[in-house]
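Coordinate analysis (summary)
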Amino acid sequence: MAFGTFVLGTSVGVLVTLYHSALYPFGLIASLVVLAIFLGALRVLSTRRWPATTAAIAVVLSLTLLAGGDSSGSVLILADNPGFSLLLGAVIIIVGALAWPRIAPRSKHYDSESLASERTPQQ
């Protein structure tokens, strides 16, 4: 599962990098929404943080590698408003998704009738 989340994180990172400056600011907003939904879904679907952490590491690595310049000076994330907004927004989304606390499920009305429920205090 770790390899799968790493591959998905890399794919989302590349997708976000390629489309962040398309039709600015709509491409940037759509890219950040895709990133937030991806990391939020991993946090909701998994009881632990490591799948979202693995995907976040992959996203950061792909953004870092694609933001770097080569010998001809071409980059995919330029040092302009869309590029800086993408990097800042990605950092805020990643930190927020990983730091968000796991909220315990609410007790249901049928839990109060059961004596062996894990949500009701045992005597």
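Data block above holds the structure.
Residues numbered from 1 in each chain as written. Predicted model: local features only at pLDDT ≥ 70, side-chain atom pairs only at ≥ 80, totals over all residues. Heavy atoms only, no water.

Some words on a nonpolar patch on the surface
- A cluster of nonpolar residues, Val-14, Leu-15, Leu-18, Tyr-19, Val-34 and Leu-76, forms a patch on the protein surface that exposes about 500 Å² of accessible area.
- Among the elements that take part in the nonpolar patch, helix H1 (residues 2–19) stands out by supplying 4 residues, more than any other.
- With respect to the helices and strands, Tyr-19 occurs in helix H1.
- According to the relative accessible area criterion, Tyr-19 is partly exposed, its value standing at 49%. (Patch = residues over 30% accessible without salt bridge, like charges linked within 9 Å, V, L, I, M, F, W, Y side chains within 5 Å. Areas by Shrake-Rupley, 256 points an atom, 1.4 Å probe, with all protein chains shown as cover. Salt bridge = Lys/Arg side-chain N within 4 Å of Asp/Glu carboxyl O. Helix = DSSP H or I, 4+ residues; strand = E, 2+ residues; numbered from the N terminus. Buried < 20%, exposed > 50% of the residue type's maximum accessible area, 1.4 Å probe, protein only.)

Section: the environment of Ala-22
- You can see Ala-22 is positioned in the loop between H1 and helix H2 (26–45).
- Here the alpha-carbon distance between Ala-22 and Pro-82, two residues 60 residues apart in the chain, equals 9.3 Å.

Notes on H1
- Along its 18 residues, H1 runs 26 Å from first to last C-alpha, staying within 8% of the 26 Å computed at 1.5 Å per residue.
- Thr-5, Gly-9, Val-12, Gly-13, Val-16 and Thr-17 are the residues of H1 that are buried. The arc enclosing the buried residues of H1, seen along the axis, measures out at 135°, which places them on a common side.
- Taken together, the buried residues of H1 touch H2, helix H3 (50–67) and helix H4 (81–99). (Expected span 1.5 Å × (residues − 1). Arc of directions from axis to C-beta. Contact = heavy atoms within 4.5 Å.)

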